[in-house]
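Observations on the three-dimensional arrangement
Here is how the chains run, residue by residue.
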Amino acid sequence: MKKKISIIGVPMDLGQRRRGVDMGPSAMRYANVVERLQALGYEVHDLGDIEIGRPNEFDVIDEDNLKDLKEVVNANQTLAEAVSKSVVNGSFPLVLGGDHSIAIGTLAGVAEHYKNLGVIWYDAHGDLNTGETSPSGNIHGMPLAVSLGIGHPYLTGLGGYAPKIRPENVVIIGARSLDDGEKELIQEKGIKVYTMHEIDRLGMTRVMEEAMEYVTKDTDGVHLSLDLDALDPHDAPGVGTPVLGGTSYRETHLAMEMLAEADIVTSAEFVEVNPILDDKNTTATVAVALMGSLFGEKLL
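Sequence order as written defines residue numbering, which begins from 1 separately in each chain. In keeping with the model being predicted, local features are shown solely for residues with a pLDDT of at least 70 and side-chain atom pairs are shown and tallied solely at 80 or more, while totals for entire chains, interfaces and linings include all residues. Excluding hydrogens and water, the side-chain values take into account all heavy atoms of the structure.

**A look at the UniProt feature "binding site: Mn(2+)" (unreviewed entry) in the protein chain**
UniProt positions are given in the numbering used here, feature names are shortened, and annotations may be inferred rather than shown by experiment. Per the UniProt record, "binding site: Mn(2+)" (unreviewed entry) is annotated on H100, D123, H125, D127, D227 and D229. Judged by maximum C-alpha separation, these annotated positions cover 130 residues in sequence but sit close together in space, the widest gap being only 12.2 Å. Numbered from the N terminus, helices here are DSSP runs of H or I no shorter than four residues, and strands are runs of E no shorter than two. Locating H100 in the fold gives a position in the loop between β3 (92-97) and α4 (103-111). The residues touching H100, leaving out its near neighbours within four places in the chain, are W121, D123, D127, H140, P143, S225, D227, E269, V271 and E272. With respect to the helices and strands, the residue D227 is situated in strand β7 (residues 221-227). Excluding residues within four positions of it along the chain, D227 makes contact with H100, Y122, D123, V271 and E272. The contact definition used throughout considers only heavy atoms, calling two residues in contact when any of these lie within 4.5 Å.

Have a look at this one:
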């Protein structure tokens with residue numbers, strides 16, 4: 001990994017309806033993310049937070065069943081520019097969320113610098129909905145579809161190009177809550193998915209070995225998008241859409257440690273930390289510990 005890290009906070013809470021996730025970046029800073037990465041020998045630059053515009057009222061629904069579309073687009077455009085600048089400056093972009101809709105901007109900023117970007121989507125959800133398939137209209141359930149070029153043109157066209165990534169370069173790990181439209185899209189596009197069934201049956205070691213081999217085939221970079229709700233709520237209670245039966249704290253650390261050993265990740269984001277729903281900042285602390293493992297922290 002690059003020895004310079006640019007931390008970009010995105011206090012976005014408009015991609016979903018549960019307030020509080022906008023405080024996620026602050027919670028992770030409070031959990032000493034900068035100090036932890038500096039202790040590992042990295043040159044860390046905290047670039048502060050992206051400014052998020054506010055709608056006149058919440059639940060502003062676009063005619064295409066998309067809530068707060070304008071504000072989500074504007075914030076992600078700003079994020080894409082900041083991420084792109086970090087890549088140009090030779091830094092590893094580390095984005096702190098905020099809800100998962102911010103992945104639209106992260107990938108828009110990263111993918112323009114890679115011909116064929118691989119993506120590991122570590123999440124309880126597929127985030128493959130569109131306005132047509134979403135039960136809620138919440139854009140945080142759409143960023144992977146958007147990045148594949150599927151969805152509203154205001155979202156897919158962010159950065160002036162689409163798609164950002166290809167379905168054959170994506171692996172979803174930890175899925176256990178998929179809507180019908182997402183299941184259809186996974187089948188249609190042939191997206192590689194390791195549900196909790198595969199993780200239970202094969203073990204995290206084999207899942208990660210296969211996943212890493214898959215996302216590095218014919219790719220020139222790998223982005224990690226980690227939603228804290230991939231973990232079981234027992235280990236990460238402070239998330240907006242918890243789903244029982246997730247990956248354990250230890251399994252997820254193993255996944256991060258294996259990524260560090262393989263040295264394949266070129267950008268990352270950690271999202272959906274909601275301090276209001278948390279217990280004594282547990283989830284932010286878990287997120288920062290996982291970042292430590294991703295960036296090479298070891299016990300001995």
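There is more to say, and it comes next.
**As for α4**
Along α4, nine of the nine residues are buried, which leaves the element largely enclosed by surrounding structure. Within the span of α4, buried status applies to A103, I104, G105, T106, L107, A108, G109, V110 and A111. Burial classification: accessible surface area is computed with a 1.4 Å probe over protein chains only, and a residue below 20% of its type maximum counts as buried, one above 50% as exposed, and the rest as partly exposed.

**Some points on helix α11 (residues 282-294)**
One less than the residue count of a helix, multiplied by 1.5 Å, gives the span that helix is expected to have. Taking 1.5 Å of rise per residue, 13 residues should cover 18 Å, and α11 covers 18 Å from first to last C-alpha, within 8% of that figure. For α11, the complete set of buried residues consists of T283, A284, V286, A287, V288, A289, L290, M291, G292, S293 and L294. In this structure, the buried side of α11 is in contact with α1 (24-30), α2 (33-39), β3, β7, α10 (249-262) and β8 (265-271). Downstream of α11 by one or two residues, G296 has phi in the positive range, about 105°.

**Points about the packing of α10 against α11**
Between α10 and α11, the least distance of the axes is 7 Å, while the angle of their chain directions is 30°. Of the possible angle classes, the one that applies to α10 and α11 is roughly parallel. Every residue of α11 that contacts α10 at Y249, T252, H253, M256, E257, L259 and A260 is listed here: V286, A289, L290, S293 and L294. Here the nonpolar group is Ala, Val, Leu, Ile, Met, Phe, Trp, Tyr, Cys and Pro; Asp, Glu, Lys and Arg are the charged ones; every other residue, Gly included, is treated as polar. Each residue belonging to the contact of α10 with α11 can be placed in one class, and the counts come to eight nonpolar, three polar and one charged. For every element, the axis is a line fit to its C-alpha atoms; helices are fit only across the contacting stretch, and the angle between N-to-C directions ranges from 0 to 180 degrees. Any angle that falls under 35 degrees is termed roughly parallel, while one over 145 is termed roughly antiparallel, one within 65 to 115 roughly perpendicular, and all others oblique.

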